[in-house]
Amino acid sequence: MSMPQSIQSYAMHFNDPREIDHLLTYKADWFLDGTSFNDNVWIVKDKRKKLKLHFSYVIAPGQKLIDPEHSGMLRTAKIITYLVRTSCHYSKGRNSATSQQAMLNRISKFFRWLLSNNIHHLSSVNADLFKLYLFSTTVPFTKTFDTVTKLEALLKPLTRKELLAKYTVIGKKQSQPNLITGKMLFDVGMSAKTVSRCKVVAAYMVGIRHRYCLQLTPTMKERYLNKIFTYQDQMSYTRIAEELTYIEIFIRLNTNLPDLFEPHFRLQSNFFSALNITPHSYATLHGKKKGRTKSMPIKVFMQLMDASIRWIVDYGDELIALKKLANEENEKLKHKFPSKADKRRRLFQWLMEYKPQNEGPCAPWPIIGYQANIRQPSLTPKQMAEIKGKFDSGAALSHLADEYGICKTTITRYLKQYKLKPTMTGISLNKALYGVLPASAIMVIYAFTARREVEVEGLEAGCCVLGPNGPVLTSYIAKTYQDYKKLPTARIVKVAIELLEKLSAPVRSGDQQSIFTFPNVKDDNPSQFRLKEVIADLWEVFELPTNENGDRWELSEHQFRRMFALMYYYRYDGGELSTLSWYLQHTDWEMTLAYITDEYGNSELDDAMHERIFDYMDELTNLSTRTSDNKYSGYMSHELAEFISKLEFEDAKRFDRREKVKSAIADVGLAFTFISEGACFGKSPSLKTKANCYSDGRIQTATACSNQCKGCPALLGFETGQSELNFNSILNPSESPMLNAVMEKS
């Protein structure tokens, strides 16, 4: 098998050993804006954008990778970062700028670990030392480096005056010195990004701020002051596996292409092979398994989707039109009222008097504010009145801030709002148009396409077109195929994407066609949309319920993918496992089965399973107007038909037949697991011992062979298989009342 052209030309560059010194002259076709190998900042081309790779990583106290004394490490890092971009066997096809960034992060951490153990050359690394490194990946990085102890040693000899002079700065509008956290961490050999999620280090830094009377926000006080945190004992399986996977690629490239590296920076051998381990086997042995995200209740999910669809169908176009009217009104007020305060007040009044064309649940009206939100203060009206009275009597802002536990800036803002309308709440036009509205569109795209977060964020203008069988979405498949695929989708998705295209149109140009870059409501300065920044607004506007702890339900890509799988397979007539697996872009059925046989114990899954069992019974006994097509076989087809025939339905008007059957199913514990031959009811208590694969007190579904399943008393056999070209079998809008309503309106 021949190597790709890019790696061939790269290898030919080193045919003559004398030419190795010319490495710095080599230019890759994915280098942008005049970038060359010699630069310490690479601007590289990604799939549809460009990315900056900075080599200035902190790798030792007061030292960076780009410092002259680390030139050998820098050169090694650059070669590996280049090679991982190629599609050769050694890099396992991680040919993207994102993979380069991830590799550079891991290399810098590996070099930092080596230097902390006084190892300056890769040639000095042996199997015993590598074992120590492997163990270091199982505990948090900040714990391995004992960051807090090093910070204490750094500050202990300093007086307060010396600390203020070296590690603080006073901003233009600040009265207190602010701690320069990054400089302190740099002096102990860490970076601010590395410790950003470490609560132990964060609490220590807040303690320093409090001890030396430095700038301290209410959030810092609330989260970290006088609180004790401990390092987690064990890293997760995922974190360890990701870390070691990149290090394994690094070792493969270094040991298989040794001539590219200086003698002191050639590893002795592939230590993974020598120790007979893989990244995943080591992570499985030493990593902490993390439970799945708790599934959002179906009621909350439906409420979220109802509000999201309303926003993009009912309120989206009107908000876009309102922006144009508000901008025109703003220009008029500029000429009439030179004072900014007067102009803001008049524009606020104009927005409040706006009469919306579409009103309904979760509507954005009234719009309060043009650019900034006006929120309900955390203080009660009584407390605000007290603050107003004390301030008018001469009380200092600092004293009021300490008394009420808020900062002086917040008090000043409250005093201004108190004169306006202290109880007024709502969102601004800017937040509604470029915050909640795009978030609503993302919710719809997640729910009706089951695409991953990185795939949705990478969508560009023109990605959804109308084909002969309905809308078709072109999406990048990140995890499995790492390529673009055309997938059928629902019309509501096309409506959502067209709305995002309208919002992003003013700032899209040339190669930058992202539909998640928006202008400001006031001007066309582009800014990248961040879903996490508007989740709180989304939850508040949609009035969604919280979980048992009073927190918002987590909105993750897997929540939506699992919900899509459950809704499609259990509640959609004609749902096929093979079709679902193809649409989720899984490489095997096991991945898909994990979505629809989730053992998390969620009641929604149980309800969906009971619903599916009822459908089987319904078809087998012709209880409804549908007729059975005899597609089911096996002992369970008779068992299920007999089960439902024994139930009594004396008063059809009083008792809902479906709910009664589902209740009976739950009472006897009927449950099944999907296998390639059909539905295995072996997990049902009354059928477990009858299953052919029953052994050692349990059924052996995972290890059972096809021969065992044939004729099994616990099997409901049915045919599976669906051509991936039959787009009509997936999310056909004509078979959904909700989508029908949307289609008619849109």
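Caption draft 1: Examining the overall build of the protein chain more closely. When helices and strands are tallied, the protein chain shows 30 helices and 17 strands. Residue pairs at least 24 apart in sequence account for 65% of intrachain contacts in the protein chain once pairs closer than 6 positions are excluded. On the protein chain, roughly 38400 Å² of surface is accessible, and the fraction owed to carbon and sulfur atoms is 50%.

Caption draft 2: Seen up close, the side chain of Ser-236. In this structure, Ser-236 sits in the loop between helix H10 (218–224) and helix H11 (237–256). Non-local contacts of Ser-236, meaning those with residues more than four positions away in its chain, are made with Gly-287 and Lys-288.

Caption draft 3: Structural view of unusual backbone geometry. The omega angle of the peptide bond from Trp-365 to Pro-366 is -5°, so this bond is cis rather than trans. Even without a glycine there, the phi angle at Glu-543 is positive, about 55°. Turning to its location among the elements, Glu-543 is positioned in the loop between helix H22 (535–542) and helix H23 (557–571).

Caption draft 4: Up close: helix H21 (residues 491–504). For H21, built from 14 residues, the straight-helix expectation of 20 Å at 1.5 Å per residue is met to within 8% by its first-to-last C-alpha distance of 20 Å. Within H21, 11 of the 14 residues are buried, leaving the element largely enclosed by the surrounding structure.

Caption draft 5: Quick peek at the confidence of the model for the protein chain. Taken residue by residue, the protein chain gives an average pLDDT of 79. The fraction at 70 or more is 78%. In the predicted structure, residues 1–24 sits below a pLDDT of 50 and forms 30 contacts with residues beyond four places in sequence or in another chain. Scored below 50 in pLDDT, residues 89–93 makes 16 contacts in the model with residues more than four places away or belonging to other chains.

Caption draft 6: Inspection of the sheet that holds strand E8 (residues 470–477) at higher detail. Pairing in this open sheet of three strands is antiparallel, and the strands run E7-E8-E9 from one edge to the other. Sheet topology places strand E7 (464–467) and strand E9 (483–488) at the edges, where each strand pairs with a single neighbour. Between one strand and the next, the sheet's axes are offset by a mean angle of 30°, whatever the strand orientation. For E7 and E8, the ladder comprises four bridges, and the chain directions are antiparallel. The partner of Cys-464 across the bridge, within E8, is Leu-473. The strands that H21 touches are E7 and E8; relative to E7, the one it contacts most, it runs at about 140°.

What counts and how
- All chains use their own residue numbering, which begins from 1 and follows the written sequence.
- Only residues with pLDDT of at least 70 get local features here, since the model is predicted, and only at 80 or more are side-chain atom pairs given and counted; chain-wide, interface and lining totals rely on the full set of residues.
- Excluded from the side-chain calculations are hydrogens and water; all other atoms, namely the structure's heavy atoms, are used.
- Working definition: helices are DSSP H or I runs of at least four residues, strands are E runs of at least two. Numbering for both runs from the N terminus.
- Two residues qualify as a contact provided that any one of their heavy atoms is within 4.5 Å of a heavy atom in the partner residue.
- In this description, accessible areas are obtained by the Shrake-Rupley approach with a 1.4 Å probe, and a residue is regarded as covered only by the protein chains that are shown.
- By this rule the span expected of a helix is its residue count minus one, scaled by 1.5 Å.
- Between buried and exposed lies partly exposed: a residue is buried under 20% and exposed over 50% of the maximum accessible area for its type, with that area taken using a 1.4 Å probe on protein chains only.
- Residue-level confidence of the predictor, termed pLDDT, takes values from 0 up to 100.
- A pair of strands is labelled paired if DSSP reports no fewer than 2 bridges between them.
- Think of each axis as a best-fit line through the C-alpha atoms, taken over the contacting stretch in the case of a helix, with angles from 0 to 180 degrees between the N-to-C directions.

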